[in-house]
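Structure assessment
Okay, here's what each chain looks like letter by letter:
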Amino acid sequence: MLLDVYAYGNRWRYLNPAEKGLLTGLALVAALMARSPLAAGVVFACMTALTIGGAGIPLLAYLRLLLFPAGFLLAGVASLVVSFGGGDIPLGTLPWVGLPVFLSKAGLVQAALVLARSLGAVSALYFLALTTPMTEIIGLLRRLRVPALLLELMVLAYRQIFVFLQIAREMRTAQASRLGYGTLGNGFRSLAALGANLYLRAHQRSMLLHRSLVCRGYEDDLRWQERDYPRSTRNLLLAAALGGGLVVLALLM
Amino acid sequence: MHIMEGFLPVEHALGWGAASLPFVALGLRAIKRKVRENPELKMLIGVSAAFTFVLSALKLPSVTGSCSHPTGTGLGAVLFGPLAMAPMAAIVLLFQALLLAHGGLTTLGANIFSMGIVGPLVAYALFRAGRLVKLPQGLTLFLAATLADLATYLTTSLQLALAFPDPIGGFAASLAKFAGIFAITQIPLAVSEGLLTVLIFNVLVKHSARELHDLGLQPAREGVRP
C-alpha cells in the first residue's frame, strides 16, 4: 500500500542517496521550467525509464501509481479548459444557472502544458520515493541543514506510522466484522471510536517512548546511526549531467 | 485538499514555500520552548504526527459515493494549537507525498500554507471564540472543523486561481471555476469531517480526560493526577 515497499528492495537501494536526490531535484526543476509539453514529456520518459529499467520497479505497479493523482489532474485540467461567458467552441449551457460553457483554445494549450509538467514532476517524485527509503531521505535532509528538531520529529513519526496503521487496520476489521460500517450512522460512530482509540494509543505510546528513552540516558536529543554509502564521483557527475541536461532541454525546447 | 506534484508554476511553488517557511520556523521554536519545560512533549508531537498521517489515510463513510479522507486539521489545531500545526503539517505532507503519492515536493509550500496554516488558524480561532461566547462544545467543534476544511479548500482554489487566471474572466472567473469543480468533493468532506471531529472529541472527553488535561484542554477530574 505504501510506496516504500519498493524503496527497500530495488536495484538502486544502495546507491548514495545524494546522487538520487540531486537527480530528482534537477528533474523537478526541469519539469516545472519546461516551456513545451514535449520537453516535460522528455523528463517524464527519462525518469520513468530510470525507475523501471534502472531501479527495476515492476511496470504494472508503476502504472497503477500513475493513476493516483488522476482525480486531481482531471478536475484541475477541466477547470483550465472550460470557460464561461466566452470562448472558442461552445459546449452547451450549465443546468440550473443557465450559464453558457465554452471550450477555450488558450485553455487547451495551457492545460496540455500543465498536464505534461505535472506528469514529468510526478515521475521525478516517484523516482525518489520508489528508490530511496524515508530514513535515507531524512539523512539527506540532515546534510541539507534542516533543523534537528524537525528531523527528530520525522524519525519518531515515521516509525510510529506503521504501528498505528497496523492498529487501525485491526480495529477496522474488528468493527467491520460486527457490522460497524453497515449503516452510515454506525460508520461514523465506528470511525470516531477508532480515531479516539488511536489517539489514546498514540498518547500512551509517546509517554512509554519517553520513559524508555530516559531509562537509556536520553537527555535532549535523539541520536541514531546512519548507513555509510560509497561515494562515487562518477555517479554524482552522471546524475548532475543528466539532471542538468534535462534542465537545459526544458529551457530550450 | 492537496495540490498535486508539479501543478503549480515555478514562481508560485517558490512563493508559497517562502510564505510557509516562517510559520514552520515559528512553530518549531514554540515546540522547542515547550519541550524545554516538558520533555515528554517531543515524543507526543512526533507520535501525533504519525497519528494524523494514519487518520488521513482512513476512508470516511461516504455520503455521496465519492471516496474522501479526513484531513485532521480541525482536530489537530484544537488538540495541539495552531502554532505546532505548521511543522506537523510539513512532516505529514512530506510523508503523504513520498509514501502515498498524495500532494508533492514542489507543491509542499502551497499545501502547508492551506492545510497547516490557514486551516488550523481558522479552526483554533473559532474554537476559542465558541468557548468565549459559551456555545455548546459540540457545535463549536463542528463549526471549527467544518469551516477549517472549507477555508483550506478555498485557499487551495485561490492558489490555483492565482497561478492560472482565466484568459477572459481573469482571477475571479478562475477562482469560481476551481472552487466550483472541487466543491463537489470538498463540501461533503467538510461536513463529514466536522461530524467526525465532534464524535472523536466526545469519546476522548468521556474516556481520556487525563490525556486531554496534559494538553491543557480539559480540567482534570477529581482525584485523577496527570
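Keep in mind that what you see is a predicted model, and the values were worked out from it rather than measured. (Residues numbered from 1 in each chain as written. Chains lettered and ligands numbered in written order. Predicted model: local features only at pLDDT ≥ 70, side-chain atom pairs only at ≥ 80, totals over all residues.)

On to the overall build of chain B. A tally of regular secondary structure across chain B gives 8 helices and 0 strands. For chain B, the N- to C-terminal ordering of α and β elements is α-α-α-α-α-α-α-α. At 18 Å, chain B has a C-alpha radius of gyration in line with the 17 Å of a compact globule built from 226 residues. Dimensions along the principal axes, computed over C-alpha positions, put chain B at roughly 65 × 40 × 35 Å. For chain B, buried positions account for 58% of its 226 residues. Put simply, of all contacts in chain B between residues at least 6 apart along the chain, 68% involve residues at least 24 apart. (Helix = DSSP H or I, 4+ residues; strand = E, 2+ residues; numbered from the N terminus. Rg over C-alpha atoms; globule rule 2.2 N^0.38 Å. Buried ≥ 20, exposed ≤ 12 C-beta atoms within 10 Å, placed from the backbone. Contact = placed C-beta atoms within 7 Å.)

Of the regular secondary structure elements, chain A holds 10 helices and 3 strands. Order of helices (α) and strands (β) in chain A, N terminus to C terminus: α-α-α-α-α-β-β-β-α-α-α-α-α. Against the compact-globule benchmark of 18 Å for 253 residues, chain A has a radius of gyration of 24 Å, which places it well outside the compact range. With the principal axes as the frame, chain A shows a C-alpha extent of 70 × 60 × 35 Å. Looking at chain A as a whole, 39% of its 253 residues are labelled buried. The long-range share in chain A, meaning contacts at least 24 apart out of those at least 6 apart in sequence, stands at 72%.

Split by domain assignment, chain A resolves into domain 1 (4-132 + 229-252) and domain 2 (147-215). Just the C-alpha atoms count here: the centres of domain 1 of chain A and domain 2 of chain A sit 33 Å apart. (Domains from an automatic or database assignment.)

Residues and elements named next belong to chain A. Taken in spatial order, the 3 strands make up an open sheet running 1-3-2, and their pairing is antiparallel. For this open sheet the edge positions go to strand 1 (82-84) and strand 2 (89-93), each flanked by a neighbour on one side alone. In this sheet, adjacent strand axes meet at a mean angle of 35 degrees when their direction is disregarded. Pairing analysis gives 3 bridges linking strand 1 to strand 3 (residues 100-103), with the strands arranged antiparallel. Counterpart to Val 82 in the pairing with strand 3 is Leu 103. (Pairing = 2+ DSSP bridges. Axes fitted to C-alpha atoms, helices over the stretch in contact; angles between N-to-C directions.)

What follows is about the interface of chain A and chain B. Contact with chain A, which involves 70 residues of that partner, is made by 58 residues of chain B. Those elements that place two or more of their residues in the side of chain A that touches chain B are helix 2 (17-33), helix 5 (70-81), strand 1, helix 6 (105-131), helix 7 (134-143), helix 8 (148-177) and helix 9 (184-215) of chain A.

The next subject is the confidence of the model for chain B. Residue and element names in this part refer to chain B. When pLDDT is averaged along chain B, the result is 86; 91% of the residues meet or exceed 70. Summarising per-element confidence for chain B, the mean pLDDT is lowest in helix 8 (residues 209-214) (70) and highest in helix 5 (residues 108-132) (94). In the model, residues 219-226 has pLDDT below 50 throughout and makes 11 contacts with residues more than four positions away in sequence or in other chains. For this predicted complex, the interface confidence reaches an ipTM of 0.92, while the overall pTM sits at 0.91. (pLDDT = per-residue confidence, 0-100.)

Residues and elements named next belong to chain B. One can describe the packing of helix 6 (residues 137-163) onto helix 7 (residues 170-207) by two numbers: an axis separation of 7 Å at closest approach and a directional angle of 155 degrees. Judged by the angle between their axes, helix 6 and helix 7 are roughly antiparallel. Here helix 6 runs over helix 7; the crossing is right-handed. (Parallel < 35°, antiparallel > 145°, perpendicular 65-115°, else oblique. Left-handed = near helix turned anticlockwise from the far one by under 90°.)

Bringing unusual backbone geometry into the picture now. You will see that Arg145(A), though not glycine, has its phi angle at about 65 degrees, which is positive. Counting through the fold element by element, Arg145(A) comes out in the loop between helix 7 and helix 8. We note that Lys134(B) has phi near 60 degrees; this positive angle belongs to a residue other than glycine. Tracing the chain through its elements places Lys134(B) in the loop between helix 5 and helix 6.

What follows is about the pairing of strand 3 of chain A. Consecutive side chains along a regular strand alternate between the two faces of the sheet. Of the strand pairs in this sheet, strand 2 of chain A and strand 3 of chain A are connected by 4 bridges, and their pairing is antiparallel. Looking at the pairing, Gly92(A) lines up with Val101(A) of strand 3 of chain A.

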